[in-house]
Amino acid sequence: MVTTAPARTVLERFPVGHPRSSWPADEYAAAQRDQGLDAHVVMDLRTDQFLVVTDTTH
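Criteria and cut-off values
- Numbers given to residues run from 1 along each chain, matching the order in which its sequence is written.
- Since the coordinates come from a predicted model, pLDDT governs what is reported: local features require at least 70, and pairs of side-chain atoms require 80 or more to be given and counted, while whole-chain, interface and lining totals use all residues.
- To obtain the side-chain values, all non-hydrogen atoms of the structure were used and water was disregarded.
- Numbered from the N terminus, helices here are DSSP runs of H or I no shorter than four residues, and strands are runs of E no shorter than two.
- Think of it in three bands: with a 1.4 Å probe and only protein chains considered, a residue is buried below 20% of the maximum accessible area for its type, exposed above 50%, and partly exposed in between.
- In what follows, residue pairs with any heavy atoms lying within 4.5 Å of each other are defined as contacts.
- Using a 1.4 Å probe, accessible areas were evaluated by the Shrake-Rupley method; residue-level cover was limited to the displayed protein chains.
- Under this definition, polar contacts are N or O atom pairs within 3.5 Å; protein pairs additionally need one hydrogen-donor-capable and one acceptor-capable atom, and for neighbouring residues in sequence, both atoms have to be side-chain atoms.
- Take the buried residues of types Ala, Val, Leu, Ile, Met, Phe, Trp, Tyr and Cys, join any two whose side-chain atoms come within 4.5 Å, and each joined set is a nonpolar core.

Moving on, we get to the overall build of the protein. Along its length, the protein carries one helix and three strands. Taken across its 58 residues, the protein has 28% of its residues classed as buried. Here the analysis covers contacts within the protein between residues at least 6 apart in sequence; of these, 51% occur between residues at least 24 apart. Accessible surface, the protein as shown: approximately 4300 Å² in total, 53% of it carbon and sulfur.

Written out as structure tokens, the structure is:
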């Protein structure tokens, strides 16, 4: 059985070490949702960044 991850588009990247932690990423994702885009924040452990992503192609 082969499983594939859903296609995601990274809209923006934010450093984990930011003094406000994930807030800038959360605020950006909220702004994108206000514009009708289904955006959410995930953490990329490999690059040590918060990513704002959408499951739709952008």
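Our next topic: the side chain of Thr54. Topologically, Thr54 is positioned in strand 3 (residues 49-54). Of the residues examined, Thr54 reaches a relative accessible area of 0% and is grouped as buried. A polar contact is formed between the side chain of Thr54 and the backbone oxygen of Asp38, at a distance of 3.0 Å. Setting aside its immediate chain neighbours within four residues, Thr54 contacts Ala7, Arg8, Thr9, Leu11, Leu37 and Asp38.

Among the nonpolar cores identified, the biggest contains eight residues, and these are Leu11, Phe14, Ala25, Ala29, Leu37, Ala39, Phe50 and Val52. Those elements that provide at least two residues to this core are strand 1 (9-15), helix 1 (23-34) and strand 3. For Ala25, the contacting residues outside a window of four places in its chain are Phe14, Val41, Phe50 and Val52.

Keep in mind these values describe shape, not function.
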